[in-house]
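Spelled out, the chains give:
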Amino acid sequence: MLISGASIAGPTLAYWLARGGWDVTILERAETLRTGGQNIDVRGAGREVARRMGLEPAIRACTTGEVGTQFLDRAGRAVASFPAGTDDSGGATAELEILRGELSRLLFEATRDDVRYRFGTSVTSIDDRDRAALVATDDGTEAEYDVVVIAEGMRSRTRRLAFPGVSPVVYKGMYTAYATIPRIDSDIDWWRWYSATGGRSITLRPDNLGTTRATLSFPDREPELDRQNDGAVRALLHRVFNDAGWQARRVLDEIDRDADLYFDHVGQVKLDAWHRGRTVLVGDAAYCASPLSGMGTSLALTGAYVLAGELNTGSGVEGAFAAYEALMRPYVDKAQDLPPGTPRLANPRTRLGIAAFHTVLRAAGTAAGRRITSGLFRPPADQMELPMY
């Protein structure tokens with residue numbers, strides 16, 4: 001087994017395959033384990049997978065400390081507050097909220113003794129044959145594998161090798177910049193969400209590493225803004241957010257010093273099939289639901305568990321791939337079914353629209369409102385019946 005990608009889905013898949021007796025190699029393009037990234041939540045079926053791996057206590061010990069979500073007015077005052085969830089799935093802030101890099105580290109530590117990791121290496125070609133796939137990598141080596149798994153991101157380069165000519169990314173007309181900035185005394189343990197005119201939003205979130213995680217989001221349907229060079233992206237963010245108010249100036253000043261700035265177009269991946277021959281996709285490379293869904297981590301963990309389980313049944317590669325798709329497709333379809341008007345409804349463009357948005361949130365944030373709207377922040381697909389392999 002060859003897995004390309006050492007983030008969430010890849011190591012999770014490797015964990016279960018190693019238990020089934022597979023000889024697993026994981027390739028990672030980065031030179032070392034990527035420990036950066038923003039807040040992610042472990043919910044629903046994904047949380048059950050982590051529980052079955054025995055990782056739930058370790059995840060809980062590494063949570064960000066975020067106590068809930070607050071929406072702010074122009075003066076930075078809380079309009080509505082929603083405490084963190086108290087079950088497997090609820091809350092804009094999940095009960096188990098962790099940094100992507102922290103979860104990746106935990107999965108690496110759980111697999112490194114049983115799995116072969118090759119960092120600084122990526123796939124350059126996949127030759128699918130009857131009995132094996134011949135894979136070449138950029139270090140000049142070739143090897144045959146019974147199965148090749150692509151466990152990369154939404155824009156996976158390796159997916160293009162296995163699915164040439166396919167353009168599966170559906171963009172949602174919004175860009176988001178992610179940055180890690182120094183924590184200051186006024187930062188608190190709430191996820192703070194500030195809306196500015198023009199559909200712009202700024203968020204600040206706590207982490208467990210002594211820093212603050214910031215995002216800058218804005219609507220734009222112009223393609224490939226994220227393909228600009230680093231300097232052009234930073235200049236773009238200054239133009240868009242210079243007059244946004246609240247802590248825009250602080251975030252802009254800090255991103256000029258932040259080498260880890262990440263900027264991307266919000267999108268989903270939609271494919272009619274997740275496998276070809278002996279190559280199969282899992283996680284964001286197969287069915288990214290976008291950050292708007294709150295389901296990315298759960299889909300990665302759950303898809304990896306199901307794919308490994310089916311391969312471990314011994315029903316053959318083709319049968320395992322077919323069963324994996326049959327089990328996961330309904331869950332993925334629900335996860336990708338975003339509420340009508342998303343992302344525009346949560347990112348109003350005018351002051352009147354922001355006022356109306358805050359009025360709804362203010363009502364929902366009362367004790368009575370929370371009883372009525374308890375599912376307001378519950379992801380579109382929080383549970384599925386997981387097989388016991």
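Data block above holds the structure.
This report concerns the structure included in the present document. (Residues numbered from 1 in each chain as written. Predicted model: local features only at pLDDT ≥ 70, side-chain atom pairs only at ≥ 80, totals over all residues. Heavy atoms only, no water.)

1. Topic: the pairing of strand β8 (residues 123-128)
The sheet contact formed by β8 and strand β9 (residues 133-137) spans 5 bridges and is antiparallel. Counterpart to isoleucine 126 in the pairing with β9 is valine 135. Hairpin connection of β8 to β9: 4 residues between the antiparallel strands. (Pairing = 2+ DSSP bridges. Helix = DSSP H or I, 4+ residues; strand = E, 2+ residues; numbered from the N terminus.)

2. Things to note about the pattern of salt bridges
One pass over the full model with this rule turns up 28 salt bridges. Taking the shortest distance from any N to any O, the salt bridge between aspartate 253 and arginine 249 comes out at 3.1 Å. Within this pair, aspartate 253 and its partner arginine 249 are both found in helix α7 (residues 248-255), separated by 4 residues, close to a single helical turn. Under the relative-accessibility criterion, arginine 249 is labelled partly exposed at 37%. Taken together, the shared-partner salt bridges in this structure form one network comprising Arg47, Glu48, Arg51, Arg52, Glu56, Arg60 and Glu95. (Salt bridge = Lys/Arg side-chain N within 4 Å of Asp/Glu carboxyl O. Buried < 20%, exposed > 50% of the residue type's maximum accessible area, 1.4 Å probe, protein only.)

3. What to know about α7
The buried count for α7 comes to 6 of 8 residues, which makes it a mostly enclosed element. Every buried residue of α7 is accounted for by Ala248, Arg250, Val251, Leu252, Glu254 and Ile255. Its buried side turned inward, α7 meets β12 (169-182), β14 (200-206), β15 (211-219) and α6 (230-241). (Contact = heavy atoms within 4.5 Å.)

4. Focus: the environment of leucine 209
Structurally, the position occupied by leucine 209 is in the loop between β14 and β15. Along the primary structure leucine 209 and alanine 232 are separated by 23 residues, whereas in three dimensions their C-alpha atoms are 29 Å apart. For leucine 209, the contacting residues outside a window of four places in its chain are Leu99 and Glu102.

5. Remarks on the sheet that holds β8
Sheet strands pair via backbone hydrogen bonds, and the direction of the pair is either parallel or antiparallel. Strand order in this open sheet of 3 strands is β8-β9-β10, and the pairing throughout is antiparallel. Either end of the sheet is taken by a strand with one partner, and the two such strands are β8 and β10 (142-145). Recorded for the sheet is a direction-independent mean angle of 25 degrees between the axes of neighbouring strands. The pairing of β9 with β10 spans 4 bridges and is classified as antiparallel. Bridge pairing links leucine 134 to glutamate 144 in β10. (Axes fitted to C-alpha atoms, helices over the stretch in contact; angles between N-to-C directions.)

6. Things to note about the side chain of threonine 176
Within the element layout of this structure, threonine 176 appears in strand β12. Taking relative accessible area as the criterion, threonine 176 reaches 6% and is therefore assigned buried. Engagement of the side chain of threonine 176 in a polar contact is seen with the side chain of serine 217, the distance being 2.9 Å. When neighbours within four sequence positions are excluded, threonine 176 is seen to be in contact with Thr215, Leu216, Ser217, Tyr262, Phe263, Asp264 and Val266. (Polar contact = N/O pair within 3.5 Å; in protein donor to acceptor, adjacent residues only side chain to side chain.)

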